[in-house]
Amino acid sequence: MTPQLQQLIDMSRTLADPRDDLVILGEGNTSVRADPDSFWVKASGTELAQADQSTFVRVQFDGILAALNQKSLDDQAVKQALRDATVEGDRSPSIETFLHALCLQLDGIEFVGHTHPTAALSLLSVAQSRELFSGSVFPDQIVLLGASYVYVPYTDPGLPLAHAVQQRLKEFLDRHQRVPRVVLLENHGVIALGGSTQEVINITRMLVKTCRILLGTLAGGGPRFLTPENVDRIDKRPDELARRADLR
Ligand SMILES: [Zn+2]
């Protein structure tokens, strides 16, 4: 087994720890870049909590990205594309493989963790959820998660969701000129993007903490966001930049 696959198995089991309430049963999926041409991704019908070598399949970027470039594919064609792109493993790749391929194309992103944390899904199901994620409420939120997120309105899972994420990722990159750490999926869940397994775990945990804090603020009338000056200062402070580098 390659070191990346072992790391992916460990990360998946950590994310599925019931104490953290991030996923149950078959929820969530994870991936790691295997080499320049392919990546390991969770197979459909498997559970992160039971992750082992047989949980993952290796697929080629080319086939997945080519399918993604088609405007629309019927279910049969999607299944065929997933099968054709698989180069290692017996099972069929998760329907969210398209989304993982996109995320792993981003500069510096080696691992991706998609989960459905109860606290995050609560907040992402609030009518005004987009506004609640439009600011930052405490310094460590900014250090770990960055000052802004990719926010994707609810979209049918699979290829349609991957298309929506692709569009929003492009808008984020154009606007912020940096790679996001967090993708928020309305009424669905979250995606943490990291250069290491620890970074994916740290981002996911800090995001869940942020969501709990935001839920707490709703009881008191809603969040008071840090000012853009406050946010900018934390985002660019040399000691915070050093801390961010250490955490990675
Ligand atoms: Zn999901």
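The structure this text deals with has already been given above.
Fair warning: this is a prediction, and the values are worked out from it, not measured in the lab.

Which parts of the structure should I look at to understand helix α10 (residues 228–236)?
An α-helical turn contains 3.6 residues, so any two residues separated by three or four positions project in the same direction. What α10 keeps buried is the set V231, I234 and D235. Buried residues of α10 fall within an arc of 100° about the axis and therefore sit on the same side. In this structure, α10 carries E229, R233 and K236 as exposed residues pointing more than 90 degrees from its buried face.

Explanation requested: the coordination of the zinc ion in the structure shown.
For a metal with four tetrahedral donors the ideal donor-metal-donor angle is 109.5 degrees, whereas six octahedral donors ideally subtend 90 or 180 degrees. At 2.1 Å from the zinc ion lie its protein donor atoms, namely H114 (NE2), H116 (NE2) and H188 (NE2). Donor residues binding the zinc ion come from one chain and are separated in sequence as H-x1-H-x71-H. Here the residue H114 occupies a position in strand β5 (residues 111–115), and H188 occupies one in the loop between β7 (182–185) and β8 (189–194), the gap between them amounting to 74 residues. Residues H114 and H188 agree in their burial class; the two are buried.

Whenever I open this one, the environment of A101 confuses me. Can you help?
Structurally, A101 can be placed in helix α4 (residues 97–104). Here A101 falls in the buried class, since its relative accessible area comes to 0%. In the structure, A101 is positioned 51 residues away from V152 in sequence and 17 Å away in space, judged by C-alpha atoms. Residue contacts for A101: discarding those within four places in its chain leaves F39, F61, I64 and L65.

I keep staring at the pairing of β5 and nothing clicks. Help me out?
Looking along a regular strand, one sees the side chains alternate between the two faces of the sheet. For β5, the tally of buried residues reaches five of five residues, placing the bulk of the element in the interior. Judged by which residues are buried, β5 turns out to be covered on both faces: F111, G113 and T115 on one side and V112 and H114 on the other are all buried. The pairing of strand β1 (residues 29–35) with β5 spans four bridges and is antiparallel. The residue of β5 that forms the bridge with N29 is H114. Where β5 and β8 come together, five bridges link them in antiparallel fashion. Bridging across to β8, G113 finds its partner in A192.

Reading the values: rules and limits
Residues numbered from 1 in each chain as written. Predicted model: local features only at pLDDT ≥ 70, side-chain atom pairs only at ≥ 80, totals over all residues. Heavy atoms only, no water. Buried < 20%, exposed > 50% of the residue type's maximum accessible area, 1.4 Å probe, protein only. Helix = DSSP H or I, 4+ residues; strand = E, 2+ residues; numbered from the N terminus. Arc of directions from axis to C-beta. Donors = N, O, S within 2.8 Å, 3.2 Å for Na, K, Ca; no water. Contact = heavy atoms within 4.5 Å. Pairing = 2+ DSSP bridges.

Limitation: the analysis is restricted to geometry and does not speak to function.
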